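What follows is each chain in one-letter form.
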Amino acid sequence: MAFGELIVWYLFLGGTAAGSFAVLSVIDLYTAFSHAGDPCFPRMPLGCQRHRLRSTTQGRIARTGYSIAFVMLVVGMLCLLADLGRPEVFYLLFLYPTSSFVSIGTFALSLFAVCLTIALAESVLTLGPVGEKVSLVAKAFGAALAVVVMIYTGLLLENVVAVSLWRSAWLPVLFLLSALSCGCGVVFLSVCLCENYTGALRWFRGLSLVDAALIVLEVLAVAACAITVNAASADRPFDALLVGEQSCAFWFGFVGCGILAPLAIEVSALVARRTHRSSVIAVMAVLILAGGLSLRFVLVSAGVQTAT
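1. Structural notes on the nonpolar core
Ranked by size, the top nonpolar core spans 86 residues in total, and within it Phe112 and Phe188 carry the most contacts. Considering every element that reaches this core, the biggest residue donor is helix α7 (residues 170-193), with 15 residues. When neighbours within four sequence positions are excluded, Phe188 is seen to be in contact with Phe204, Leu207, Ser208, Asp211, Glu266, Ile281, Met284, Ala285 and Ile288.

What follows is the structure, given as structure tokens:
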């Protein structure tokens, strides 16, 4: 088994970068093409001049979010290369492509990195109409690639036959939902780092609704993984997360930090029809990210232990 700490960081950073891009790009695309007159997202004529007409607050949030996602992706890819031990293996995947998930994931990750770079450049620089249209295409294409990257991180584990803990069709779904939730966490942090926080407060309610729904679906996906994995093996491998050596990280890190605490903060704000202070939102965002990292850590660690 060649799964170590670097792979855990790659799964987390790569998935979170993709989730952040997916959330931000959907917002940007909605801003560019929406004619609903929503004050939170200014109306744009067919996506033209979007960079100049969108609100200053949205521009700051997009710039910060894409920057964080870019750094995460670069560090995640470095972790992957370092774990391979032979960086030329990554290069050979381009020379000799196959139909394997590793090969498909490599191409998707590389193309996604290009789209993210274009989106980051557009958020930092003032581009002309042609550059803005190229950015819109990159965001639309990159959003699809981001979904592939998020699912691929789960497929990478699911197709390891030797580990019964990972042999569930719900695992890629769980990784997708977790990555999107972590992406919301990055955008929450971007809102907190925005200079004009008053203008960004309205973002919190919409993101809270989305993330709360993702967390609920994430709980259902975990339950589906547990049922399918334990039903397929007499050893009940998923129990290693619930009562084994990884139980503390699972219950405190994933369930406590990644599920219960963020959900309580978001629901309390939505029910009370108010917005928490920026410090509370920042703490919640960190908890979401900690929960996403804990999920990947316990799955990889427990999977390797049960296989050996």
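Read on, since the account is not over.
2. Comments concerning the environment of Trp170
Relative to the assigned elements, Trp170 resides in helix α7. By relative accessible area, Trp170 is classed as partly exposed at 40%. Here Trp170 is in contact with Ala221, Ala224, Cys225 and Thr228, once residues within four sequence places are set aside.

3. As for the side chain of Asp211
Within the element layout of this structure, Asp211 appears in helix α8 (residues 197-232). For Asp211, the residues in contact, after removing those within four places along its chain, are Ser181, Cys184, Phe188, Glu266 and Ile288.

4. Observations concerning the side chain of Asp28
Turning to its location among the elements, Asp28 is positioned in helix α1 (residues 5-33). Polar contacts involving the side chain of Asp28 include one to the side chain of Lys139, which spans 2.7 Å.

Conventions used here
- Residues numbered from 1 in each chain as written.
- Predicted model: local features only at pLDDT ≥ 70, side-chain atom pairs only at ≥ 80, totals over all residues.
- Heavy atoms only, no water.
- Core = buried A, V, L, I, M, F, W, Y, C linked by side-chain atoms within 4.5 Å.
- Buried < 20%, exposed > 50% of the residue type's maximum accessible area, 1.4 Å probe, protein only.
- Helix = DSSP H or I, 4+ residues; strand = E, 2+ residues; numbered from the N terminus.
- Contact = heavy atoms within 4.5 Å.
- Polar contact = N/O pair within 3.5 Å; in protein donor to acceptor, adjacent residues only side chain to side chain.

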